[in-house]
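# Fold and contact review
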Amino acid sequence: MENPAPALHLKLHGLEKTLGQRIRGQNHVIPRVVSVLQRGELGLTKPTRPRGSFMFLGPTGVGKTEITLAFTEFLFGADKLFRFDMSEYQTQESLGVLLGARLGERGTLGMAYDKSPSGTLLFDEIEKAHPRVLDVFLQILDAARVTMASGDTLDFSKHYIVLTSNIGAAEILHIQHSTHATMERHVLTRAQQSLRPEMFARITEKLVFNRLTYDDQIEIANLLLANELNFLREKGYALTPTESVLPFLVRRGFHPKLGARPMRDAIEKLVGDAVSTDLLTGGNACGRLVVEESFLSVRK
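Residues numbered from 1 in each chain as written. Predicted model: local features only at pLDDT ≥ 70, side-chain atom pairs only at ≥ 80, totals over all residues. Heavy atoms only, no water.

## Let's talk about the overall build of the protein
Secondary structure assignment for the protein yields 13 helices and 10 strands. Counting only C-alpha atoms, the protein reaches 65 × 45 × 40 Å along its principal axes. Within the span of the protein, comprising 300 residues, buried residues form 46% of the whole. Nonlocal contacts in the protein, meaning residues at least 24 apart in sequence, comprise 73% of its contacts between residues at least 6 apart. The distance from the centre of the 36 positive side-chain charges to the centre of the 34 negative ones in the protein is 2 Å. (Helix = DSSP H or I, 4+ residues; strand = E, 2+ residues; numbered from the N terminus. Buried < 20%, exposed > 50% of the residue type's maximum accessible area, 1.4 Å probe, protein only. Contact = heavy atoms within 4.5 Å. Lys, Arg positive; Asp, Glu negative; His and termini not counted. Charge placed at Lys NZ, Arg CZ, Asp CG, Glu CD.)

Okay, structure coming up:
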């Protein structure tokens, strides 16, 4: 086998930095994710297995989906992430939805494969899937192949597989003073007890995401706000946030149970409302972005 092109080597050197720019509070996770991805991209995984597989564990809204999107965009493009919500596959009949119920049907898995024979398959809340559906994941992890109702056998050896789970998440939120090692050990034990041993053993990396500290929340708000302000600047609206804006956005956008997941939408709404209000009252939506009692506004 020929060595991968130097351009690939150079690109992979930038992977850890790229993920670090988008993910906050999970510095222990990023190097281990990068290690799997680098081996996969350099062709160092078995041709009869997926390029790499992950189980991401931890509370909602701490970066499990975001890091999956980030590395998929970096390696393949955002359109190569195919997401499956396992809460929709809780019955035995849902196996037909996934694989096709009868000859000629492609199923949701087949339709994703038809869009791209490489990329990332993200299976959210894996613990909710029916045992027959879990058998499909075991096939993918073990041999990178699945036979559909249509009779076709799909090859997933060019894909990364990501399973997410909230197993043990409630305990993470309540163990306030434990070390990460203690929490990781506890959550991995719970996950191993909940999933079939042969499936758990075939996952390349099992990673436990931290709960987000207040400083992490501020950093995430800062990152998302910068993206929103850059978007508006391209439209001709130059805004500079005052010091009180980030704490305000965290109060409005961070949820105790949902984590940082609502923050992007909260920032887009709050900043967008400030801009539209200023424009509709004769302003030019340029100046300082300030906090009023319960909203943001633009001041010259």
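## Points about the sheet that holds strand 1 (residues 52–57)
Taken together, the 5 strands give an open sheet; going across it, the order is 2-3-6-1-7, and neighbouring strands pair in parallel fashion. Each edge of the open sheet is held by one strand with a lone partner, namely strand 2 (81–85) and strand 7 (205–208). Strand-to-strand, the axes of this sheet are offset by a mean angle of 20 degrees, without reference to chain direction. By the bridge criterion, 6 bridges tie strand 1 to strand 6 (residues 159–165) in an arrangement that is parallel. Within strand 6, the residue paired with S53 across the bridge is I161. (Pairing = 2+ DSSP bridges. Axes fitted to C-alpha atoms, helices over the stretch in contact; angles between N-to-C directions.)

## Here's the deal with the nonpolar core
Where a protein is soluble and globular, its nonpolar side chains tend to be buried together. Core analysis: the biggest nonpolar cluster contains 49 residues, and V33, F54, L249 and V271 have the highest contact counts within it. The dominant element in this core, judged by the number of residues it contributes, is helix 11 (residues 214–234), at 7 residues. In terms of nonpolar packing, the next biggest core, distinct from the first, is built from 37 residues, L95, F123, V136 and I161 among them. (Core = buried A, V, L, I, M, F, W, Y, C linked by side-chain atoms within 4.5 Å.)

## Describing the pattern of salt bridges
Taken as a whole, this structure holds 17 salt bridges when the rule is applied. Notably, a salt bridge pairs R196 with D135, separated by 2.2 Å at the nearest N-O pair. Within this pair, whereas R196 is found in the loop between helix 9 (180–194) and helix 10 (197–202), its partner D135 is found in helix 7 (residues 131–143), the two being separated by 61 residues in sequence. What makes R196 partly exposed here is its relative accessible area of 30%. For D135, a relative accessible area of 27% translates into the label partly exposed. The closest approach of N and O atoms between D278 and K300, which form a salt bridge, is 3.3 Å. Of the two residues, D278 is situated in helix 13 (residues 263–280) and K300 in the segment after strand 10 (296–299); the sequence distance between them amounts to 22 residues. We classify D278 as buried; its relative accessible area is 10%. The exposure class of K300 is exposed, given its relative accessible area of 60%. (Salt bridge = Lys/Arg side-chain N within 4 Å of Asp/Glu carboxyl O.)

## What to know about the side chain of S150
Within the element layout of this structure, S150 appears in the loop between strand 4 (145–147) and strand 5 (153–155). Side-chain polar atoms of S150 contact the side chain of R106, separated by 3.5 Å. At 3.4 Å, the side chain of S150 and the backbone nitrogen of D152 are in polar contact. (Polar contact = N/O pair within 3.5 Å; in protein donor to acceptor, adjacent residues only side chain to side chain.)

## Some thoughts on the packing of helix 2 (residues 15–22) against helix 4 (residues 64–75)
Running from amino to carboxyl end, helix 2 crosses helix 4 at an angle of 140 degrees, the nearest separation of the two axes being 10 Å. When the interaxial angle is binned, helix 2 and helix 4 end up oblique. When the axes of helix 2 and helix 4 are compared, the crossing they make is right-handed. Only E66, I67, L69, A70, F71, E73 and F74 of helix 4 make contact with helix 2, whose side of the interface consists of L15, T18, L19 and R22. Of the residues in the contact of helix 2 with helix 4, the class split is 7 nonpolar, 1 polar and 3 charged. (Parallel < 35°, antiparallel > 145°, perpendicular 65-115°, else oblique. Left-handed = near helix turned anticlockwise from the far one by under 90°. Nonpolar A, V, L, I, M, F, W, Y, C, P; charged D, E, K, R; others polar.)

## Section: the sheet that holds strand 8 (residues 239–241)
Within a sheet, each strand pairs with its neighbour through backbone hydrogen bonds, oriented either parallel or antiparallel. Taken together, 3 strands build an open sheet; the order of strands is 8-9-10 and the sheet is mixed. Of all strands in the sheet, those with a lone pairing partner are strand 8 and strand 10, marking the two edges. Strand-to-strand twist across the sheet, computed as the mean angle between neighbouring axes with direction ignored, equals 35 degrees. Note that strand 9 (residues 287–291) and strand 10 share 4 bridges and pair antiparallel. Directly across from V291, in strand 10, lies its bridge partner L296.

## A word on helix 11
Between its first and last C-alpha atoms helix 11 spans 30 Å; for 21 residues at 1.5 Å apiece the expected length is 30 Å, and the two agree. Buried residues in helix 11 make contact with strand 8, helix 12 (245–253), helix 13 and strand 9. (Expected span 1.5 Å × (residues − 1).)

## Things to note about the packing of helix 11 against helix 12
The contact between helix 11 and helix 12 brings their axes to 9 Å, and the two run at 105 degrees. One finds that helix 11 runs roughly perpendicular with respect to helix 12. Of helix 12, the residues touching helix 11 (which contributes Y214, Q217, I218, A221, N222 and L225) are V245, L246, P247, L249 and V250. Class assignment for the residues of the contact of helix 11 with helix 12 results in 9 nonpolar, 2 polar and no charged.

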